[in-house]
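Summary of structural features
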Amino acid sequence: MNAPVPITAAARQLEEIAQVIGQGNLFALCKALGGTKVYVPAAIGHNHPIAAAIGMKAASILADHYFGTQIDLPKAGARRARAIELAKSGRMTIAEAALATDYTERRIYQLLAAEKADEDQLDLFAPR
């Protein structure tokens, strides 16, 4: 039996943020500002990077709940998704996708293989 994976405080915070502003807005925020710690002010103006990433409505909601805190936004998920998207799109070769996302060609092939394995995995709880 596998031991449960401990949830870090940062992961818990990201889950909470997703509940507050929505998963899509959290993904957009990570895509735009991932890899940084972002301070959330009490009021977010139109020109603030948070507003530019997720729009004023979601930025205001975020500020209402998290003003005065720093959010550590991960980068890996957005980078991985972008690499897979570029490699599968046909607009770039695997080598070009690797260069564009700062991965090796070998890593791009690994990501594609992992995604294919996930797609091929049967859902144990799917209705029959």
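Look up a bit, the structure's there.
Below or above, wherever it landed, is the structure these notes cover. Values in this document were obtained by computation on a predicted structure and should not be read as measured data. One numbering rule holds for all chains: residues counted from 1, following each sequence as written. This being a predicted model, a pLDDT of at least 70 is required before a residue's local features are given, and a value of 80 or more before pairs of side-chain atoms are given or counted; all residues contribute to the totals for chains, interfaces and linings. Heavy atoms throughout the structure, all of them, feed into the side-chain values; hydrogens and water do not.

On to the pattern of salt bridges, then. The term salt bridge refers to a pairing of a side-chain nitrogen on Lys or Arg with a carboxyl oxygen on Asp or Glu at a separation within 4 Å. Overall, the coordinates contain 2 salt bridges when judged by the stated rule. Taking the shortest distance from any N to any O, the salt bridge between Glu-85 and Arg-82 comes out at 3.7 Å. Placement of both Glu-85 and Arg-82 in helix α4 (residues 76-89) is noted, with a separation of 3 residues, approximately one turn of the helix. Judged by relative accessible area, Glu-85 falls into the partly exposed class, the value being 41%. A salt bridge links Lys-88 to Glu-115; the shortest N-O distance between them is 3.0 Å. Of this pair, Lys-88 sits in helix α4 while Glu-115 is found in helix α6 (residues 105-120), placing the two residues 27 residues apart along the sequence. In this scheme, a residue with accessible area under 20% of its type's maximum is buried, one over 50% is exposed, and one in between is partly exposed, where area comes from a 1.4 Å probe on protein chains only. Judged by its relative accessible area of 49%, Lys-88 falls in the partly exposed class. A run of DSSP states H or I qualifies as a helix once it reaches four residues; a run of E qualifies as a strand once it reaches two. Both are numbered from the N-terminal end.

Moving on, we get to the side chain of Thr-101. Among the structural elements, Thr-101 can be located in helix α5 (residues 94-101). Contacts are assigned to residue pairs with any non-hydrogen atoms lying within 4.5 Å of each other. If we skip the residues at most four places from it in the chain, Thr-101 touches Arg-79, Arg-82, Ala-83, Leu-86 and Ile-108.

This brings us to the nonpolar core. Here the nonpolar core consists of buried residues drawn from Ala, Val, Leu, Ile, Met, Phe, Trp, Tyr and Cys, with membership extended through side-chain atoms lying within 4.5 Å. Grouped together as the largest cluster of nonpolar side chains are 21 residues, with contacts concentrated most on Val-40, Ile-50, Leu-62 and Leu-73. Elements with a contribution of two residues or more to this core: α1 (9-21), α2 (23-33) and α3 (49-66). If one sorts the elements of this core by residue count, α3 sits on top with 8 residues. Discounting residues that sit within four places of it in the chain, Leu-73 has contacts with Leu-14, Leu-26, Leu-29, Cys-30, Leu-33, Gly-34, Gly-35, Thr-36 and Val-38. Among the nonpolar cores identified, the runner-up in size contains 10 residues, and Ile-84, Ile-94, Ala-98 and Ile-108 belong to it.

On the secondary structure map, Gly-34 appears in the loop between α2 and β1 (37-39). For the pair formed by Gly-34 and Pro-74, sequence separation is 40 residues and the distance between their alpha carbons is 5.0 Å.

You will see that Asp-102, though not glycine, has its phi angle at about 60 degrees, which is positive. One can find Asp-102 in the loop between α5 and α6. For Asp-102, a relative accessible area of 65% translates into the label exposed.

Before going further, it helps to examine the packing of α2 against α3. Running from N to C, α2 and α3 point in directions that differ by 145 degrees, and their axes come no closer than 9 Å. Regarding α2 and α3, the two cross each other, and that crossing is left-handed. From α2, Asn-25, Ala-28, Leu-29, Ala-32 and Leu-33 reach across to α3, where they touch Pro-49, Ile-50, Ala-53, Ile-54, Ala-58 and Leu-62. Lines are fitted to the C-alpha atoms to define the axes, a helix being fitted only along its stretch in contact, and any angle between axes, read from their N-to-C directions, falls within 0 to 180 degrees. Each crossing gets its handedness from the near helix: less than a right angle anticlockwise from the far helix is left-handed, clockwise is right-handed.

An ideal rise of 1.5 Å per residue puts 26 Å on 18 residues; α3 reaches only 16 Å between its terminal C-alpha atoms. Values of bend correspond, residue by residue, to the angle between axes fitted over the seven residues ending at that residue and the seven starting there. Gly-55 marks where α3 bends most, by close to 120 degrees. Those residues of α3 that fall on the buried side of the exposure criterion are Ile-50, Ala-51, Ile-54, Ala-58, Ala-59, Leu-62, Ala-63 and Tyr-66. As for α3, its buried residues are in contact with α1, α2, β1 and β2 (70-72). Multiplying one less than the number of residues by 1.5 Å gives the expected span of a helix.

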